[in-house]
Amino acid sequence: GENVEQHPSTLSVQEGDSAVIKCTYSDSASNYFPWYKQELGKRPQLIIDIRSNVGEKKDQRIAVTLNKTAKHFSLHITETQPEDSAVYFCAASLNTGGFKTIFGAGTRLFVKA
Amino acid sequence: DTAVSQTPKYLVTQMGNDKSIKCEQNLGHDTMYWYKQDSKKFLKIMFSYNNKELIINETVPNRFSPKSPDKAHLNLHINSLELGDSAVYFCASSDPTGQGQNIQYFGAGTRLSVL
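Being a predicted model, the structure only gives us computed values, none of them experimental. (Residues numbered from 1 in each chain as written. Chains lettered and ligands numbered in written order. Predicted model: local features only at pLDDT ≥ 70, side-chain atom pairs only at ≥ 80, totals over all residues. Heavy atoms only, no water.)

## Focus: the interface of chain B and chain A
Note the threshold: Only heavy atoms matter for contacts: two residues are in contact if any of them lie within 4.5 Å across the pair. A simple way to read buried area is as the amount of 1.4 Å-probe accessible surface that goes missing from two parts once joined, with both sides added. Only one rule defines a salt bridge in this text: a Lys or Arg side-chain nitrogen within 4 Å of an Asp or Glu carboxyl oxygen. Whenever two N or O atoms come within 3.5 Å, that pair is a polar contact, provided that in protein one can donate a hydrogen and the other can accept it, and provided that, for residues adjacent in sequence, both atoms are side-chain atoms. Only runs of H or I of at least four residues qualify as helices and only runs of E of at least two qualify as strands under DSSP, and these elements are numbered from the N terminus.
Opposite the 25 residues of chain B that make contact, chain A presents 21 residues. In total, about 2,000 Å² of surface goes out of reach between chain B and chain A, with carbon and sulfur atoms giving 58% of it. When the buried area of chain B at its contact with chain A is split by residue, B:Lys41, B:Leu43 and B:Phe106 rank highest and sum to 24% of it. Applying the counting criterion to the chain B and chain A interface returns one salt bridge. Notably, a salt bridge pairs A:Lys100 with B:Glu58, separated by 2.8 Å at the nearest N-O pair. Put simply, chain B and chain A have six residue pairs in polar contact (both at pLDDT 80 or more) between them. Among the elements of the structure, strand 4 (31–37), strand 5 (43–50), strand 6 (53–57) and strand 10 (104–106) of chain B are those that each provide at least two residues to the side of chain B that touches chain A.

## Some words on the pairing of strand 2 (residues 10–14) of chain A
Residue and element names in this part refer to chain A. Formally: Partly exposed residues are those whose accessible area sits between 20% and 50% of the maximum for their type, while under 20% is buried and over 50% is exposed, using a 1.4 Å probe and protein chains only. By this definition, two strands are paired if DSSP reports at least two bridges between them.
Only one face of strand 2 is covered, namely the one carrying Leu 11 and Val 13; the face carrying Thr 10, Ser 12 and Gln 14 has none of its residues buried. In the sheet, strand 2 pairs with strand 11 (residues 107–112) via five bridges, with the strands oriented parallel. Counterpart to Thr 10 in the pairing with strand 11 is Arg 108.

Next up, the structure:
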């Protein structure tokens, strides 16, 4: 089955710096790659997603890139702010007669003011 | 209006008891899910239902039995609770598009503590 690996598990950056989180997936049939942000004690919420027919997508300070050949995708956050501090999950989704989404283990991002 | 609501928010119980968690969504979605998030924050899918039918069951023990009375509700019943069941359980719903996009909307979570 699908396996999603996410690195690093913890990331600490200075406010204003960039943060990059990387994920790899195993099943080449996966065709949808969402990223979720989970603040402490809250529910996961989608921040950006990318489909397999697109190589890059940007939304203000966040961007995601996808390399289908290498089966990896990355989240880039620029000009980080303290409110970006949270756990970020990458995920890979495929339709196996029903949509199945496998999440990475999460990256805990700390943005120091 | 809360899009995906689950109750209770907290559940503290003894080993061996049976408990239920309820989930309702008012988004009109056909697909609903249950996830388990352990103490290390790992988010693992347990079940997925589409229009009241079970479509994904991820090797979850038989003690866990989901029930979907209609497509807006997906409840989770757990028999003979064990210490290892302690976790936060998230319900979610989605409306997958023909283009493969599948945005999931999560409930606020139920923190289950088994003593």
